[in-house]
Amino acid sequence: MEVKIGVQHSPRELVLESAQTPAEVEQAVTEALAKDGVLTLTDEKGRKVIIPVTKVAYVEIAEASHRPFGFTTR
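Residue numbers restart at each chain and count upward from 1, following the sequence in its written direction. In view of the model being predicted, local features appear only for residues whose pLDDT reaches at least 70, and side-chain atom pairs are presented and counted only at 80 or more, with totals across whole chains, interfaces and linings using the full set of residues. As a convention, hydrogens and water are excluded, and side-chain values are obtained from all of the structure's heavy atoms.

S.K.: Please explain the pairing of strand β1 (residues 2-7) as it appears in this structure.
M.R.: One face of the sheet, then the other: side chains in a regular strand alternate in exactly this way. Bridge count between β1 and strand β2 (residues 13-17): five bridges; the pairing is antiparallel. Note on β2: the bridge partner recorded for Lys4 is Val15. Paired strands, as defined in this entry, are two strands with at least two bridges between them according to DSSP. Strands are runs of DSSP state E lasting at least 2 residues, helices are runs of H or I lasting at least 4, and numbering of each runs from the N terminus. Linking β1 to β2, which pair antiparallel, is a turn of five residues; within it His9 sits at a positive phi near 60°. Sheet topology places β1 next to strand β5 (residues 56-62); six bridges connect them, and they run antiparallel. Its bridge partner lying in β5, Val7 is registered against Val56.

So, in structure tokens, the structure goes:
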């Protein structure tokens, strides 16, 4: 699953591939916002991303998209 996190005062967003379900990511974001603490997510390789919630502008949760490659017709 792909998670995009917008950070305040930063022109780029953080993008990570996570093995967590969309519900787990949503719960982590909601809990972090409620506690006014830090948002901690883990990517597919086991690396942790820790962001202070005061700097989070938005969080976009999307299923991993399998993009077609090569020559395809529609």
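Right, picking up where we left off after that structure.
S.K.: So what exactly am I meant to see when it comes to the pattern of salt bridges here?
M.R.: Oppositely charged side chains are able to pair whenever their charged atoms sit close together. Salt bridges are counted wherever a side-chain nitrogen of Lys or Arg sits within 4 Å of a carboxyl oxygen of Asp or Glu. Within this structure, the stated rule accounts for two salt bridges. Where Glu13 meets Lys4, a salt bridge forms, and the shortest distance between an N and an O atom there is 4.0 Å. Exposed residues in this analysis have more than 50% of their type's maximum accessible area, buried residues have under 20%, and partly exposed residues fall in between, with area computed by a 1.4 Å probe over protein chains only. For Glu13, a relative accessible area of 33% translates into the label partly exposed. Among the residues examined, Lys4 registers a relative accessible area of 22% and is labelled partly exposed.

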